[in-house]
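Report on the structure
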Amino acid sequence: MSGGGATPVRCDPCRPIHVVVNAQAAPANGAALAQSAMDEVQRATGLRFVLDGPTDEVPVEHRSPLDHSRYGKRWSPVLVAWTDPTQVPGLAGPIVGIGGPGGAPYSSETEKHWVSGIVYLDAPGIAEVLARPNGMVAARAIVIHELGHLVGLDHVNDPSQLMYPHQIDQSTFGPGDLEGLRLLGDGPCFS
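All figures in this text were calculated on a predicted structure; none of them were measured in a lab.

The pLDDT averaged across the chain works out to 92; a share of 96% of its residues lies at or above 70. Predicted confidence in the chain is weakest over strand E1 (residues 10–11), with a mean pLDDT of 92, and strongest over strand E4 (residues 78–83), with 97.

In structure tokens:
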């Protein structure tokens, strides 16, 4: 789990995770992929995802959890953006997704928690995955994997888990992934 300390850093289980989607480059079934993946992570964690709707916000490498000019006086919602390596160089090569949380300012380790984040999906790369036999299952696994990062899971060394960095045959979370997700959803309220 992410955070680097003995206690995992979590999202606030007492507040929904708000999400906006930049779908300008999304494949035809991109909305269904994103919603299905959010549903899977929601079931595994107990955290609640709320889709706020579309956005024209473009993905950037270091996105702030606060953007008052765009989102007012609240945390920026999670940005799910269908993009490509020209906009997000980290998606170059075999990488077709990047996900991660954004933290709130805090004064003690016990107050540290995630309030926002990103999931950037390489639209052309995922379109190639979708064109393969069983492509929808593989593409959904990619989006679920990135949402696992969003809520705080790191990569693991066990190839039987979906959070293994080089997916081969996993289509959904394994038992270890599910235990990590359960722990991440079972934290204290920060509100």
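Further notes follow.
Inspection of helix H3 (residues 123–130) places Ala123, Gly125, Ile126, Val129 and Leu130 among the buried residues, and these make up the whole buried set. Axial view of H3: buried residues confined to an arc of 160°, hence all on one face. Turning to H3, the residues buried within the fold contact helix H1 (30–45), E4, strand E6 (113–122) and helix H4 (135–151).

We now examine the side chain of Glu57. Relative to the elements of secondary structure, Glu57 occurs in the loop between strand E3 (49–54) and helix H2 (68–71). Judged by relative accessible area, Glu57 falls into the buried class, the value being 7%.

Relative to the helices and strands, Ala26 resides in the loop between strand E2 (17–22) and H1. As for Ala26 and Ala123, which are separated by 97 residues in sequence, their C-alpha atoms are 5.8 Å apart.

Another aspect to go through is the environment of Leu47. Mapped onto the elements of the fold, Leu47 is located in the loop between H1 and E3. Classification of Leu47 by relative accessible area gives buried; the value is 1%. Setting aside residues up to four positions removed in sequence, Leu47 forms contacts with Cys11, Asp12, Pro13, Ile17, Gln42, Val151 and Gly185.

Within E2, 5 of the 6 residues are buried, which leaves the element mostly enclosed by the surrounding structure. Where E2 meets E3, 5 bridges bridge the pair, whose relative direction is parallel. Bridge pairing in E3 links His18 to Val50. Read from E2 through H1 to E3, the crossover connection turns out right-handed. Of the pairings in the sheet, the one linking E2 to E4 comprises 4 bridges and is parallel in character. If you follow Val20 over to E4, its bridge partner there is Leu79.

Each value, and the rule that gives it
Residues numbered from 1 in each chain as written. Predicted model: local features only at pLDDT ≥ 70, side-chain atom pairs only at ≥ 80, totals over all residues. Heavy atoms only, no water. pLDDT = per-residue confidence, 0-100. Helix = DSSP H or I, 4+ residues; strand = E, 2+ residues; numbered from the N terminus. Buried < 20%, exposed > 50% of the residue type's maximum accessible area, 1.4 Å probe, protein only. Arc of directions from axis to C-beta. Contact = heavy atoms within 4.5 Å. Pairing = 2+ DSSP bridges. Right-handed = clockwise from strand over helix to strand, strands pointing away.

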